[in-house]
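# Understanding the architecture of this molecule
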Amino acid sequence: GRYGAYGASQDVRVLRDERDRSVDGGRLLEYSFTALKGNAEVQRRAFVKAVSPPGSKDVVILVAGTTASRWKKENGEKTSRAVVDSLRVSSTKTNLKKDEASDYRTYKSK
């Protein structure tokens with residue numbers, strides 16, 4: 001989903017902030033927050049994994065989460081953790097040419 005489609009997330013809390021012990025290293029964060037959905041407020045939980053690829057100044061971020069009610073009851077925590085743990089960056093080199101038409105930051109609809 002798109003957090004913030006109906007306004008900024010509220011009640012944001014960092015529940016965990018640790019160095020990731022996986023091969024890639026990086027940082028693992030766990031958040032809780034309230035997202036607005038129409039006229040309703042929905043409690044959510046999420047994991048965020050941030051990795052800086054070797055030889056790069058960039059950071060790659062993957063977010064996985066669900067509603068707070070699904071976090072424990074429906075294995076949301078376990079599934080979200082598996083998703084962020086799957087993030088691997090094996091290379092930062094590419095032969096691809098930059099193409100402004102395919103860059104979401106500069107895309108203009110026709």
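In case you missed it, the structure is sitting above this.
In this report, the structure presented in the accompanying data block is examined.

Now for a nonpolar patch on the surface. A cluster of nonpolar side chains, namely Val59, Ile61 and Val63, defines an oily patch on the protein surface of about 270 Å² accessible area. Counting through the fold element by element, Ile61 comes out in strand S4 (residues 60–67).

The subject of this paragraph is the environment of Arg27. Its location among the elements puts Arg27 in strand S2 (residues 27–37). Residues Arg27 and Val51, spaced 24 residues apart in sequence, show a C-alpha to C-alpha distance of 6.6 Å. The residues contacting Arg27, other than those within four sequence positions of it, are Asp17, Glu18, Asp20, Val48, Lys49 and Ala50. Polar side-chain contacts of Arg27 include one of 2.6 Å to the side chain of Asp17.

Parameters and conventions
Residues numbered from 1 in each chain as written. Predicted model: local features only at pLDDT ≥ 70, side-chain atom pairs only at ≥ 80, totals over all residues. Heavy atoms only, no water. Patch = residues over 30% accessible without salt bridge, like charges linked within 9 Å, V, L, I, M, F, W, Y side chains within 5 Å. Areas by Shrake-Rupley, 256 points an atom, 1.4 Å probe, with all protein chains shown as cover. Salt bridge = Lys/Arg side-chain N within 4 Å of Asp/Glu carboxyl O. Helix = DSSP H or I, 4+ residues; strand = E, 2+ residues; numbered from the N terminus. Contact = heavy atoms within 4.5 Å. Polar contact = N/O pair within 3.5 Å; in protein donor to acceptor, adjacent residues only side chain to side chain.

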